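# Report on the structure
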Amino acid sequence: MTGWGVLKSLWVTFKHLVVTYIEDLRYGKRRYFTPEGVEARRSSDVRGIFTVQYPEEKLPVPEAFRYLPFLVYEEGPNGEKQMRCTSCGICAKVCPPQCIWIVRRNDPQTGRPIPAPAAFYIDVDICMNCGFCAEFCPFDAIKMDHDYEIASYNRLSEHIYDLEKLAKPVSYYASIRPTDYALEEAARAQKGDAKKAGSTAG
Amino acid sequence: MSEKEITEMTTPGYEIPPELRHQVTITTLERIYNWGRANSLWPMMFGLACCAIEMIATAASRYDLARFGMEVMRPSPRQSDVLIVSGTVTKKMVPQIVRLYNQMAEPRYVIAMGACASGGGPFKEGYNVVSGIDKFIPVDVYIPGCPPTPQALLNGLIALQKKIERQSLRDLPWYQKGAAEPIPIPVLGPDLMDPRKYALIREVTRRQATQAQEGEVSNE
Ligand code: SF4
Ligand code: SF4
Ligand code: SF4
């Protein structure tokens, strides 16, 4: 019969609508704008509406999610930023689309290079979020961020990130990627122990 | 609407008699107009590369563009207000994009979605890729990412709505007298086919093909 398929599909939509109201009555206010509500609605056996109401609700991102890179700094005792980056330039070399620019810092007195970047730029409108920079950095100085809300109106003034925009504290890194952070800290502690043992033996 | 916006709306600088408070609202025409424009943006159904898949995901029911008044993707440039350039802009595609932009009715907005559309992305030095659509048409919002997740795209669309709400009708080019000049269709270098020369290209191709065939025949 002509139009039978249309009627059948409208029936599916109608069922969906009714089920949404039944579920709303069953769970009440908990269903929307709460973390458990989002969690329940994103599962595969959800009944009724499953729309995530961004920007009021956000789907939690997995820990390994990566968007743009950022530079990790340690907070010194007086709140000063101690960048982990030594401006070795490995990340700029491995970056497939070549979107990292680094300027090395020279000691003003002797003119010899010191291990800290004078300037560090990433063109985030070129970056392809591959994570190679984070993978290859030997000093754990560059890591992938979770922040994706970075749309802006101007490419050149807002989307070429400089040192100031890239720098984020190590506590932030520990909060977004706790597993990686713990692994790295453990590896570093082990290395430190080995060094100590080596120096006493030698 | 937030508390602050409501207070702003209800205190326009005019004296409202106390008995009419909370019953009338005075606002500027511009504000109402922009509010209407910002909440009825219809995107064009137009995708270029991998980013388009994320755009499709954004339009589907998990994220649902319709919540922002973007109802349906329009399949015609005449009916759409925003062009989401979602993907790699190849040299062969850029004349078509500029043509679509010229065909869109004003007011029109452009979103550069993803690294490719904003700056060329991974292919920024590719022989066949335009490094950024903003070299040809004006872009209103840039969304980094490769690809931007659906939520990042929604963030960009909300940023565009905010931009529209702040615009002044007096300064916008499409509310001025006279028609706007169309953007010239780009003709890029020798590796791009010039559409005006299709007939010539076809003729040359045909001649070479016949010559090759004849050569084969004589060789046998
Ligand atoms: S971020 Fe890492 S790889 Fe890149 S220059 Fe700094 S230390 Fe070297
Ligand atoms: S994530 Fe990939 S593209 Fe982005 S800066 Fe790092 S290496 Fe380059
Ligand atoms: S930005 Fe990345 S995902 Fe988007 S079109 Fe380019 S390569 Fe594909």
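Residues numbered from 1 in each chain as written. Chains lettered and ligands numbered in written order. Predicted model: local features only at pLDDT ≥ 70, side-chain atom pairs only at ≥ 80, totals over all residues. Heavy atoms only, no water.

## Let's talk about the overall build of chain B
Put simply, the rule reads: Per the convention used, a helix needs a DSSP run of H or I reaching at least four residues, while a strand needs a run of E reaching at least two, with both numbered from the N terminus. Throughout, exposure labels follow a simple rule: accessible area from a 1.4 Å probe, protein chains only, divided by the maximum for the residue type, with under 20% read as buried, over 50% as exposed, and the rest as partly exposed. A contact between two residues is defined here by any heavy atoms of the two lying within 4.5 Å. Note on areas: Shrake-Rupley, 1.4 Å probe, and residue coverage restricted to the protein chains presented here.
What chain B contains, in helices and strands, is 7 helices and 3 strands. Out of the 220 residues belonging to chain B, those deemed buried represent 39%. Summarising the internal contacts of chain B: among those between residues at least 6 apart in sequence, 76% fall at separations of at least 24. Of the roughly 12,500 Å² of accessible surface on chain B, a fraction of 57% belongs to carbon and sulfur atoms.

## Things to note about unusual backbone geometry
The phi angle of most residues is negative, glycine excepted, and most peptide bonds adopt the trans form. Going from Glu 106 of chain B to Pro 107 of chain B, the amide bond is cis rather than trans, its omega being -5 degrees. With respect to the helices, strands and loops of the structure, Pro 107 of chain B is situated in the loop between helix H4 (94-103) and strand E2 (109-113). Omega for the bond connecting Cys 146 of chain B with Pro 147 of chain B falls within 30 degrees of zero, at -10 degrees, which places this linkage in the cis form. By the secondary structure assignment, Pro 147 of chain B is in the loop between strand E3 (141-143) and helix H6 (150-166). For Ser 87 of chain A, which is not glycine, the phi torsion reads 55 degrees and is therefore positive. Relative to the helices and strands, Ser 87 of chain A resides in the loop between strand E2 (81-83) and helix H3 (90-94). If you check the backbone angles, Asp 64 of chain B has positive phi at about 65 degrees while not being a glycine.

## Some points on helix H2 (residues 29-38) of chain B
Residues and elements named next belong to chain B. The condition is simple: When we speak of the arc, we mean the arc of directions from the helix axis to the C-beta atoms.
Looking only at H2, the buried set comprises Asn 34, Arg 37 and Ala 38. Down the axis, H2 shows its buried residues gathered within 90 degrees of arc, on one side only. Residues of H2 that are buried in the fold lie against E2 and H6.

## Brief notes about the site of ligand 1
Residues and elements named next belong to chain A. Going by this rule: Any residue with a heavy atom positioned within 4 Å of a molecule or strand is treated as near that molecule or strand. Every definition here rests on a 1 Å grid over the protein atoms only: cavities are sets of points where a 1.4 Å probe fits but cannot get out, pockets are open sets enclosed by protein on both sides within 12 Å along at least five of seven lines, and lining residues have some atom within 4 Å of a point. To qualify as sitting in a cavity or pocket, a molecule needs more than half of its atoms within 2 Å of the grid points. Polar here means any residue outside two lists: the nonpolar Ala, Val, Leu, Ile, Met, Phe, Trp, Tyr, Cys and Pro, and the charged Asp, Glu, Lys and Arg; Gly therefore counts as polar.
Cys 85, Cys 88, Gly 89, Cys 91 and Cys 137 are the nearest of the 13 residues found near ligand 1. More than half of the atoms belonging to ligand 1 lie within 2 Å of the grid points that define the largest cavity. A per-class count over the shell around ligand 1 returns 10 nonpolar, 3 polar and no charged.

## What to know about the environment of Ile 97 of chain B
Residue and element names in this part refer to chain B. Looking at where Ile 97 falls in the secondary structure, it is placed in helix H4. By relative accessible area, which is 0% here, Ile 97 ends up buried. The spacing of Ile 97 and Asp 140 is 43 residues in sequence and 16 Å in space, taken between C-alpha atoms. Beyond its immediate sequence surroundings of up to four residues, Ile 97 is in contact with Phe 46, Leu 48, Leu 83, Val 89, Ile 133 and Ile 137.

## Considerations on the pattern of salt bridges
All names here are of chain A. Defined as follows: Any Lys or Arg side-chain nitrogen found within 4 Å of a carboxyl oxygen on Asp or Glu counts as a salt bridge.
For the structure on display, the rule yields 19 salt bridges over all chains. With a shortest N-O distance of 3.7 Å, Arg 42 and Glu 39 are connected by a salt bridge. Of this pair, Arg 42 and Glu 39 both sit in helix H2 (residues 35-42), 3 residues apart, roughly one helical turn. For Arg 42, a relative accessible area of 32% puts it in the partly exposed group.

## Re the domain arrangement of chain A
The cut-off we apply is this: Where each domain begins and ends follows an automated or database-derived domain assignment.
When the domains of chain A are assigned, the result is domain 1 (1-60) and domain 2 (69-194). Taking only C-alpha atoms, the centre of domain 1 of chain A and the centre of domain 2 of chain A are 41 Å apart.

## Thoughts on the pairing of strand E1 (residues 82-86) of chain B
All names here are of chain B. Defined as follows: By the convention used here, strands pair only if DSSP detects at least 2 bridges between them. Place the viewer so that the strands point away; then a crossover is right-handed whenever the path from the first strand over the helix to the second strand goes clockwise.
With respect to burial, E1 is a largely interior element, 5 of its 5 residues being buried. Neither face of E1 is left uncovered, since the one carrying Val 82, Ile 84 and Ser 86 and the one carrying Leu 83 and Val 85 both have all their residues buried. Sheet analysis places E1 next to E2, joined by 5 bridges and oriented parallel. Across the sheet, residue Val 85 finds its bridge partner in E2, namely Ala 112. In this fold, E1 hands off to H4, which returns the chain to E2; that crossover is right-handed.

## As for the site of ligand 3
The full set of residues close to ligand 3 is Ala 49, Cys 50, Cys 51, Gly 87, Thr 88, Ala 115, Cys 116, Phe 123, Gly 145, Cys 146 and Pro 147 of chain B. For the shell around ligand 3, the class distribution of residues is 8 nonpolar, 3 polar and no charged.

## Things to note about the side chain of Lys 143 of chain A
Residues and elements named next belong to chain A. Structurally, Lys 143 is set in strand E5 (residues 142-144). By relative accessible area, which is 7% here, Lys 143 ends up buried. Dropping the residues within four chain positions of it, Lys 143 is found in contact with Leu 68, Pro 69, Phe 70, Val 72, Ala 134, Tyr 173 and Glu 184.

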